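One-letter residues, chain by chain:
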Amino acid sequence: MSLAASQNISAVASSPARSVQAETFKYDNAIVRAFAIATVVWGLVGMTAGLLCAVQLFFPGANLDFQFITFGRLRPLHTNAVIFAFVGNGMFMGIYYSLQRLCKARMFSDFVSWFHFWGWQAIIVSAALTLPLGLTTSKEYAELEWPIKIAITVVWVAFTINLIGTILRRREKHMYVAIWFYIATALTVAVLHLTNSMVIPAGWFKSYSMYAGVQDALVQWWYGHNAVAFFLTTPYLGMMYYFLPKAANRPVFSYRLSIIHFWALIFVYIWAGPHHLLYTALPDWAQSLGMVFSLMLIAPSWGGMLNGLLTLRGAWDKVRQDPMLKFMVVAITAYGMATLEGPTLAIKSVNSLSHYTDWTIAHVHTGALGWNGFLTFSVLYWIFPRLYNTRLYSIKLANYHFWIALLGMMFYVVPMYVAGVTEGLMWKQFTADGFLQYPNFLETVVQIVPMYKLRAIGGTLYIAGVWLMVYNLYRTAKSGVFVKETEAQAVPFRREHAPVERGPHWIHRWLEAKPLTFTVLSVLAILIGGMVEIIPMYLVKENVPTISSVKPYTPLELLGRDIYIREGCVGCHSQMVRPFRSETERYGEYSKAGEFVYDHPFLWGSKRTGPDLHREGGKYPDAWHYNHLENPRSTSPGSIMPNYPWLLSQKLDTTSLPARIQALRKIGVPYPDGFENGPAQKDLQEQSEKIVANLKTGSITANDNREIIAVIAYLQRLGTDIKAAPPVATPPATVQPTAELDSHGQDARATTTAAK
Amino acid sequence: MNVILILIILSLGIALFFLGGFIWSVRSGQFDDTCTPSMRVLADEDHAKPFPNSTKNTKAT
């Protein structure tokens, strides 16, 4: 399209408002550059953390027995960094650049823009500090503890105000489809984050989810799925619809299709969450609903993908020449692959094989490396020369980056598919006589270790590509002069448009002047208030056990569970035995919803790098767990689990116990009144001594106030409650968790509990 | 499983919000023209030097 033609279009577009004088204003490029640099920096950090995780999966010693960089703590750091820091900043970069130009307006407020930027970076830094320290809620992609959750809310609201404010002050009447994708992102992520962040604090950096067990699982995956939808997908689709036509210099294949893409996606996406919980204790109809909506998602997703690819019809010669378009094409293709694979994995029969395996890892990395990564690189290569009013330093280097990244992605994804299918099939394989062919879980781990090595090579290549980009972008910036602001002119589409006054009460005036915005903010405030008030009361009464033998954790088990959460054990060990013969043979009785009523948060997990632990209690003596945690290879040769020597040396912190018991009582765990002032400590001491005595029989001398004692207590409790017989019919009004645990089985404890 | 009701209500709320947005956008004529908006995006060129499309595999500086 020639420049003359472009000018004609603008003239036509603004003709109704001819009589109004054109306004001159400036686009803010500084904020775009800030987010762009943050994207690159955090991308490297997040991907390097991921590589370190990958290496530890075939060389567990890579953590150097240093607890802060052990897999369980590093994995949430990796996922949070690539999602919220890399993609998050990438999304803000793309939105701040395109929104101003699409709206023909500067961002609503420079102050809010910079508050948003620095606030977001502060959140990322706090995540990078707290997650290695083990301060985590353990809920995937929502691991950050409650003070940071509040900070996220505040910063997100700032972003939303900036976004909506800019849209309301736009000089272009038509809202280009990308803007709709941005609006969906801002509003939906806010609701998701708030709903899943309902926690009760028990100290400054410890909280318990208000939901328990199956309810917590449902809320978490409603959040988790829609975070993928509205954090990783919709903003990037908006960016695709802006940057792809710009780079190809031709309009999107079908604007009408892009509109249909948006509305169909928005209405279908939000219902697909239950596909993360197939074959669990979730009601069957909810599982089917999730599956059906997941399958429906293929239509809008593929419509969008084809719309993107067809935009390049007749322009494929440009793809050959322009690395930016190469990245874009792979990104859109990866989007298509991931959105076909996602619904496939949501089919129950496929899910029974794929779930908990590395297939899921392959799937998410097709999306993360391919869709989000490549699209981010594409936009960075496009934006930098423009921000610096120059040309890209080297197209050759960008092409090298492209091929290295593509190779890296293949080396990542293909081995993970092989590993996933291998695991899934081996777990389910029976011999002709009807026994498990691989009864020892370790056999299935050892089998796929070579794949883990290949994956690390893939990750290394991918990161090497990013370094090439860093150099290329740095040289590009060096060769140009940064354009802090770009001047533009446009005719406002309505006469009443007036610049917002910057008096001390400008926010109030702005709100008064915008009844719609005011209403939305009020509703949001009411929603938050209402949820805080209603949800705990509403849910507590549901926590009456459906299985009467299920009891709250003893103080020692509770602290052990909190250590289990701190160490991120849930990253590799599920606690959900699905109702398949292959699983009940391997692990024991399948898991029931009623067993999790005191689990704040739920710890079902989503990946089995190690075996399921829901029926772990009583399987091995205490001494086995002690040795296994000290050095897993001493009991399980070939294991890839890290050593946990610090559990043996660190003193168990019991000072937090009263606050934790009180917090749990508030959300319905029936600890008796006053339990935390004496009885709990006494109980904890007795149970510790019992375990120390058990360890002695295994010729281990252990101190009774070490963390490992609590972890052993928790592991030995897991999944044992339903073995208590006969169940008591009366509801457990009071509970006196006792220390009747013995190392070889739960019978002693179970009998005692049942008798109460 | 009462929490599922909360989630359904919230999901419906989001869906209804966007339904409102959809109705508003149709009524206010946002989608009356589904041709020029896609071209208008291309109109604002805010950079001086063009992206070096034509130079193949060479350093552009």
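See the structure above.
Residues numbered from 1 in each chain as written. Chains lettered and ligands numbered in written order. Predicted model: local features only at pLDDT ≥ 70, side-chain atom pairs only at ≥ 80, totals over all residues. Heavy atoms only, no water.

**Q** Can you tell me about the overall build of chain B, naming the residues and giving the values?
**A** Within chain B, the regular secondary structure consists of two helices and zero strands. With 61 residues in all, chain B has 43% of them scored as buried. (Helix = DSSP H or I, 4+ residues; strand = E, 2+ residues; numbered from the N terminus. Buried < 20%, exposed > 50% of the residue type's maximum accessible area, 1.4 Å probe, protein only.)

**Q** Talk me through the packing of aromatic side chains; I want residue IDs and the actual numbers.
**A** Residues and elements named next belong to chain A. In this structure the tally under the stated criterion is 61 aromatic pairs over all chains. Aromatic side chains Phe 181 and Phe 262 sit 4.9 Å apart centroid to centroid with 80 degrees between the ring planes, which places their arrangement in the edge-to-face category. With Phe 181 in helix H6 (residues 177-196) and Phe 262 in helix H8 (residues 255-269), this residue pair connects regions lying 81 residues apart in the sequence. Relative to Phe 377, the ring of Phe 327 has its centre 5.8 Å away and its plane inclined at 75 degrees; by these criteria the two rings are edge-to-face. (Phe/Tyr/Trp six-rings, centres within 6.5 Å; stacked < 30°, edge-to-face > 60°.)

**Q** Can you tell me about the pairing of strand E4 (residues 485-490) of chain A, naming the residues and giving the values?
**A** All names here are of chain A. On E4, burial follows the alternation: Thr 486, Ala 488 and Ala 490 on one face are buried, whereas Glu 485, Glu 487 and Gln 489 on the facing-out side are not. Sheet topology note: the strand E1 (residues 23-28)/E4 ladder contains six bridges and is antiparallel. Residue Thr 24 lies in a different strand from E4, and its bridge partner there is Gln 489. (Pairing = 2+ DSSP bridges.)

**Q** I'd like to hear about helix H16 (residues 441-479) of chain A, residue by residue, with values.
**A** Here H16 of chain A contains 39 residues, and its C-alpha end-to-end distance of 56 Å stays within 8% of the 57 Å for a straight helix at 1.5 Å per residue. Considering bend angle alone, the principal kink of H16 of chain A is centred on Ile 448 of chain A and spans about 40 degrees; proline Pro 450 of chain A follows within four residues of it. (Expected span 1.5 Å × (residues − 1). Bend = angle between axes of the 7 residues up to and from the residue.)

**Q** Pulling in residues and values, what's your account of the pattern of salt bridges?
**A** Applying the stated rule across the entire model yields 26 salt bridges over all chains. A salt bridge links Arg 73 of chain A to Glu 567 of chain A, with the shortest nitrogen-to-oxygen separation between them at 2.7 Å. Residue Arg 73 of chain A is located in helix H3 (residues 71-103), and its partner Glu 567 of chain A is located in the loop between helix H19 (555-566) and helix H20 (581-587); the two are separated by 494 residues in the primary sequence. For Arg 40 of chain B, the salt bridge identified is with Glu 172 of chain A, shortest N-O distance 3.1 Å. With Arg 40 of chain B in helix H2 (residues 36-40) and Glu 172 of chain A in the loop between helix H5 (146-168) and H6, the pair connects residues from two separate chains. (Salt bridge = Lys/Arg side-chain N within 4 Å of Asp/Glu carboxyl O.)

**Q** Summarise the packing of helix H15 (residues 395-428) of chain A against H16 of chain A; cite the residues concerned and give the values.
**A** Residue and element names in this part refer to chain A. Interaxial distance between H15 and H16 falls to 8 Å at its minimum, and their mutual angle equals 165 degrees. Here H15 is positioned roughly antiparallel relative to H16, judged by the angle of their axes. Where H15 crosses over H16, the handedness of that crossing is left-handed. In terms of residue class, the contact of H15 with H16 is made up of 27 nonpolar, nine polar and three charged. (Axes fitted to C-alpha atoms, helices over the stretch in contact; angles between N-to-C directions. Parallel < 35°, antiparallel > 145°, perpendicular 65-115°, else oblique. Left-handed = near helix turned anticlockwise from the far one by under 90°. Nonpolar A, V, L, I, M, F, W, Y, C, P; charged D, E, K, R; others polar.)

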